[in-house]
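Residues per chain are reported as follows:
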There are 2 protein chains.
Amino acid sequence: MDPFPSPLAAASAGYFRQLQDNIIKAFEDTDKNHKFIKTPWQKGSQDLLQGGGTIALLHGEVFEKMGVNFSEVSGTFPEAFRKEIPGAEASGGRFWASGVSLVCHPRNPHVPAVHFNVRRIETSRTWFGGGTDLTPCLPVEEDTAHFHQTLEDACKSYQPDAYPRFKKWCDEYFFLPHRNEARGVGGIFFDYLEDRPEETFAFVQAVGQAFLAAYLPLAEKHKDQPFTPGEKHTQLVKRGRYAEFNLLYDRGTRFGLQSGGNVDAILMSLPPEARWP
Amino acid sequence: MDPFPSPLAAASAGYFRQLQDNIIKAFEDTDKNHKFIKTPWQKGSQDLLQGGGTIALLHGEVFEKMGVNFSEVSGTFPEAFRKEIPGAEASGGRFWASGVSLVCHPRNPHVPAVHFNVRRIETSRTWFGGGTDLTPCLPVEEDTAHFHQTLEDACKSYQPDAYPRFKKWCDEYFFLPHRNEARGVGGIFFDYLEDRPEETFAFVQAVGQAFLAAYLPLAEKHKDQPFTPGEKHTQLVKRGRYAEFNLLYDRGTRFGLQSGGNVDAILMSLPPEARWP
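Residues numbered from 1 in each chain as written. Chains lettered and ligands numbered in written order. Predicted model: local features only at pLDDT ≥ 70, side-chain atom pairs only at ≥ 80, totals over all residues. Heavy atoms only, no water.

## With respect to the pattern of salt bridges
Rule in force here: We define a salt bridge as a contact between a side-chain nitrogen of Lys or Arg and a carboxyl oxygen of Asp or Glu at a distance within 4 Å. Helix and strand assignments follow DSSP, with helices taken as H or I runs no shorter than four residues and strands as E runs no shorter than two, numbered in order from the N terminus.
With the rule as written, the count across this model stands at 38 salt bridges over all chains. Notably, a salt bridge pairs E273 of chain A with R275 of chain B, separated by 3.6 Å at the nearest N-O pair. On the criterion of chain membership, the pair formed by E273 of chain A in strand β10 (residues 273–275) and R275 of chain B in strand β10 (residues 273–275) is interchain, its members lying in two chains. Each member of the salt-bridge network shares a partner with another, and the members are E64, K232 and R239 of chain A.

## Some thoughts on the pairing of strand β2 (residues 49–58) of chain A
All names here are of chain A. So the rule is basically this: Residue burial is assigned from relative accessible area. The probe radius is 1.4 Å, only protein chains are included, and a residue is buried under 20% of its type maximum, exposed over 50%, and partly exposed in between. DSSP calls a pair of strands paired once it identifies at least 2 bridges connecting them.
Taken across its 10 residues, β2 has 8 buried, putting it largely inside the fold. In this sheet, strand β3 (residues 65–76) lies alongside β2 in antiparallel orientation, the contact comprising 10 bridges. Paired with I55 across the bridge in β3 is N69. What sits between β2 and β3 in their antiparallel hairpin is a turn of 6 residues.

## Here we look at the sheet that holds strand β5 (residues 113–122) of chain A
Residue and element names in this part refer to chain A. How we decide: To obtain an axis, a line is fitted to C-alpha atoms, over the contacting stretch when the element is a helix, and the angle between two such axes runs from 0 to 180 degrees between their N-to-C directions.
As summarised here, the arrangement of the 7 strands in space is β1-β2-β3-β4-β5-β6-β9, forming an open sheet in which the pairing is antiparallel. Each edge of the open sheet carries a strand with a single partner, namely β1 (37–43) and β9 (186–193). The sheet shows a mean angle of 5 degrees between the axes of neighbouring strands, direction not considered. Relative to strand β4 (residues 94–105), β3 is paired through 12 bridges, and the arrangement is antiparallel.

## Structural notes on the sheet that holds strand β2 (residues 49–58) of chain B
Residues and elements named next belong to chain B. As a reminder of what qualifies: Residue contacts are counted whenever heavy atoms from the two residues lie within 4.5 Å of one another.
Strand order in the open sheet formed by 7 strands is β1-β2-β3-β4-β5-β6-β9, and the pairing between neighbours is antiparallel. This sheet does not close on itself; its edge strands, each paired only once, are β1 (37–43) and β9 (186–193). Each strand axis lies, on average, 5 degrees off the axis of its neighbour in the sheet, ignoring direction. Relative to strand β5 (residues 113–122), strand β4 (residues 94–106) is paired through 9 bridges, and the arrangement is antiparallel. Residue pairing in the sheet places V103 in a bridge with H115 of β5. Its contacts with the sheet place helix α4 (residues 162–173) against β6 (126–135) and β9, and it is angled at close to 100 degrees to β9.

## Details of the interface of chain B and chain A
Selection criterion: Accessible-area loss on putting two parts together, using a 1.4 Å probe and summing over both, is the definition of buried area adopted here. Under this definition, polar contacts are N or O atom pairs within 3.5 Å; protein pairs additionally need one hydrogen-donor-capable and one acceptor-capable atom, and for neighbouring residues in sequence, both atoms have to be side-chain atoms. Basically, the charged four are Asp, Glu, Lys and Arg, the nonpolar ten are Ala, Val, Leu, Ile, Met, Phe, Trp, Tyr, Cys and Pro, and anything else, Gly included, counts as polar.
Taken together, the contacts link 18 residues of chain B with 18 residues of chain A. For the pairing of chain B and chain A, the buried interface totals around 1900 Å² over both sides, and the portion due to carbon and sulfur atoms is 64%. The three residues of chain B that bury the most area against chain A are L247, L248 and W276 of chain B, which together make up 32% of that side's buried surface. Counting across the interface, chain B meets chain A through 2 salt bridges. Our count for the chain B to chain A interface comes out at 7 residue pairs in polar contact (both at pLDDT 80 or more). Of all the elements in the fold, those that place two or more residues in the side of chain B that touches chain A are α6 (229–248), α7 (251–258) and β10 of chain B. Per-element accounting of the side of chain B that touches chain A gives the leading share, 4 residues, to α6 of chain B. Here the residues of the side of chain B that touches chain A are counted per class, giving 11 nonpolar, 1 polar and 6 charged.

## Focus on the pairing of β9 of chain A
Residue and element names in this part refer to chain A. Most of β9 is tucked away: 7 of the 8 residues are buried. Pairing of strand β6 (residues 126–135) with β9, which is carried by 6 bridges, proceeds in the antiparallel orientation. When the bridges of β9 are listed, G130 appears paired with F190.

## A short note on the packing of helix α1 (residues 7–30) of chain B against helix α5 (residues 197–222) of chain B
Residue and element names in this part refer to chain B. What counts here: Orientation is classified from the angle alone, with under 35 degrees giving roughly parallel, over 145 giving roughly antiparallel, 65 to 115 giving roughly perpendicular, and any other angle giving oblique.
The geometry of α1 relative to α5 is characterised by a closest axis approach of 11 Å and an angle of 10 degrees between their N-to-C directions. Judged by the angle between their axes, α1 and α5 are roughly parallel. Here L8, A11, S12, Y15, F16, L19, I23, A26, F27, D29 and T30 of α1 lie close against α5, whose contacting residues are P197, E198, F201, V204, Q205, G208, F211, L212, Y215, L216, A219 and E220. Grouping the constituent residues of the contact of α1 with α5 by class yields 16 nonpolar, 4 polar and 3 charged.

## Thoughts on unusual backbone geometry
Residue and element names in this part refer to chain A. P5 follows F4 through a cis peptide bond whose omega is -10 degrees. Of note, P5 is situated in the segment before α1 (7–30). Despite not being glycine, N180 has its phi angle at roughly 50 degrees, a positive value.

## Some words on the relation of the copies chain B and chain A
To be explicit about the condition: The copies are overlaid by a least-squares fit using only the C-alpha atoms of residues whose pLDDT is at least 70 in both copies.
Of the transformation placing chain B onto chain A, the axial shift is 0.0 Å and the rotation is 180 degrees, giving an RMSD of 0.0 Å. In short, the pair behaves as if placed about a two-fold rotation axis. In this assembly, 100% of the residues forming the interface of chain B have copies in chain A that are likewise at the interface, indicating an isologous arrangement.

## What to know about the environment of Q20 of chain B
All names here are of chain B. For Q20, the location among the structural elements is in helix α1. Taking relative accessible area as the criterion, Q20 reaches 2% and is therefore assigned buried. C-alpha separation for the pair Q20 and F70, spaced 50 residues apart in sequence, amounts to 6.4 Å. Here the side chain of Q20 touches T54 through a polar contact of 2.9 Å, landing on its backbone oxygen.

## Overview of the state of the cysteines
Covalent bonding between the sulfur atoms of two cysteines is what defines a disulfide. Applicable threshold: For the purposes of this analysis, a disulfide is any pair of cysteine sulfur atoms at a distance within 2.5 Å.
With the rule as written, the count across this model stands at 0 disulfides over all chains. Between C104 of chain A, a free cysteine, and C137 of chain A, which holds the nearest cysteine sulfur, the sulfur-to-sulfur gap is 12 Å.

## Observations regarding the packing of aromatic side chains
To keep it simple, the criterion reads: The aromatic pairing rule takes the rings of Phe, Tyr and Trp, using the six-membered ring of Trp, and pairs them if the centres are within 6.5 Å, calling planes under 30 degrees apart stacked, those over 60 edge-to-face and the rest tilted. Comment: the charge-over-ring label is applied if NZ (Lys) or CZ (Arg) is within 6 Å of the ring centre and within 35 degrees of the ring normal.
Counting across every chain of the model gives 44 aromatic pairs over all chains. Here the aromatic rings of W127 of chain B and Y192 of chain B are separated by 5.7 Å at their centres, their planes lie at 50 degrees, and the arrangement is tilted. Taken together, the positions of W127 of chain B in strand β6 and Y192 of chain B in strand β9 put the pair 65 residues apart, joining distant regions of the chain. A relative accessible area of 39% places Y192 of chain B in the partly exposed class. What links up through ring pairs into an aromatic cluster is the set Y158, F166, W169, Y173, F174, F189, F190, F203, F245 and Y249 of chain A. Lying across the ring of F4 of chain A, R94 of chain A places its NZ or CZ 3.8 Å from the centre.

## Quick look at the side chain of H178 of chain A
With respect to the helices and strands, H178 of chain A occurs in the loop between β7 (175–176) and β8 (181–182). Within the structure, H178 of chain A has its side chain in polar contact with the side chain of Y249 of chain A (distance 2.8 Å). If we skip the residues at most four places from it in the chain, H178 of chain A touches E244, L248 and Y249 of chain A together with L257, V263 and L267 of chain B.

## Re the confidence of the model for chain A
All names here are of chain A. Threshold: Confidence scores labelled pLDDT are given residue by residue by the predictor and lie between 0 and 100.
The share of residues in chain A with pLDDT of 70 or more is 98%, and the mean pLDDT across the chain is 94. The least confident element of chain A is helix α7 (residues 251–258), whose mean pLDDT is 79; the most confident is helix α5 (residues 197–222), at 98. On the interface metric, ipTM, the complex scores 0.80, and its pTM is 0.86.

Okay, structure coming up:
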């Protein structure tokens with residue numbers, strides 16, 4: 001029988017932990033006078049999950065509220081969940097998971113909100129997933145083009161059709177059916193990447209790099225741009241939509257809350273302030 | 001075969017429509033300089049639902065954002081939903097529903113938020129449901145006692161054990177498991193009341209009356225009370241919890257959005273402004 005978790009599990013978790021630090025450093029370079037506060041957490045042996053992680057939160061000048069979480073957990077899925085997770089029935093519910101998850105709500109309504117996630121999950125099967133998507137409240141065509149172009153470049157060396165596939169997946173996932181509207185201007189989303197694990201691990205690392213190159217120039221460009229009270233209001237309404245998506249539809253949020261995950265880590269995605277006019 | 005909808009359906013819808021007007025009048029008496037804006041809506045024959053209703057919205061001085069909706073709709077439930085609704089498989093999915101639904105977010109953090117709903121649903125079975133619950137952000141013991149006492153009085157003539165049963169049901173329903181906290185200080189909640197329909201209809205009307213007597217004196221008492229910025233902040237955080245409950249757990253919200261209901265009417269329950277600090 002294969003070792004559990006696999007050798008790639010430890011390598012992935014090591015990379016994810018390092019990536020969290022790289023992201024923190026890069027965002028602190030843009031939000032110069034503010035530092036992330038890092039809070040490690042650990043689940044005890046009495047809990048549904050074992051393992052832990054580190055929540056890193058920034059309440060900054062440029063980034064009003066942003067969280068970057070690293071976690072590495074393992075445990076046994078409750079029976080009812082197993083059929084929803086590939087390979088979880090064959091593993092008797094046993095799983096291992098690690099990843100980095102980021103949500104950023106900037107102060108200036110000209111700076112887009114952004115989400116980024118990379119993860120590896122192992123049951124009796126093993127796969128990578130992740131993605132990043134941009135949510136401007138005042139979209140700028142050339143910013144959207146830059147974001148997508150940077151991601152497309154990162155996808156190219158992985159598979160010729162990776163970018164169009166992952167872009168379409170993103171558009172389908174980050175959609176609010178009850179509003180009949182997209183959450184933002186898209187990006188990439190991928191899951192269940194099981195084949196060619198070494199190449200896929202390299203791709204996941206490329207996405208981690210590309211995310212910083214895709215997003216931070218947009219924050220730099222707009223962080224000092226003047227804005228009107230009307231533009232701020234537009235931002236707060238858009239953030240209401242963001243809360244709707246995360247609480248109504250986001251699989252990670254719903255799954256995390258139902259499986260006894262860390263509530264503060266899961267709900268750090270919610271905006272600091274939102275309006276429903 | 002019994003007529004569909006039943007004679008009590010028309011009587012209930014007539015009462016609900018009248019109740020919406022009574023509630024509007026009573027709340028306008030407290031928020032003297034502001035009027036509800038009533039917007040009728042109608043689903044077409046192409047839609048999943050037939051029928052319509054009236055959204056009444058107030059953006060007032062005392063009540064920052066409040067909605068009172070009346071609706072009377074009928075149609076056919078999609079197959080996947082039918083097993084969740086009593087009698088819907090036997091009816092081939094056919095249903096009729098009417099009710100009044102109210103959510104009130106007051107401006108002053110000393111005035112509690114409140115929710116109220118009464119409804120009748122018919123499939124191959126027929127029943128009443130409803131309830132009201134109070135969500136203060138700065139709870140006052142004697143206010144909570146008054147709210148509960150008024151509801152207890154309304155339950156007494158219906159069934160000796162109605163109040164303790166419906167109070168317990170309310171506490172169980174309006175609970176945020178991921179926070180391990182109650183939404184507010186409770187009230188009553190009841191559903192699937194099928195027996196003795198005439199007596200139950202009288203009880204539903206008593207609850208409609210009791211709601212105004214239970215809530216409005218609290219609004220009158222606190223509406224001009226001074227408050228601090230810290231108390232306002234407490235209110236905005238509490239409203240974040242309210243949005244979490246409605247989007248994550250509320251059956252009416254989730255069911256309404258999935259069954260093609262009126263989005264504006266369904267999401268009027270969301271607070272005007274919320275914070276996640």
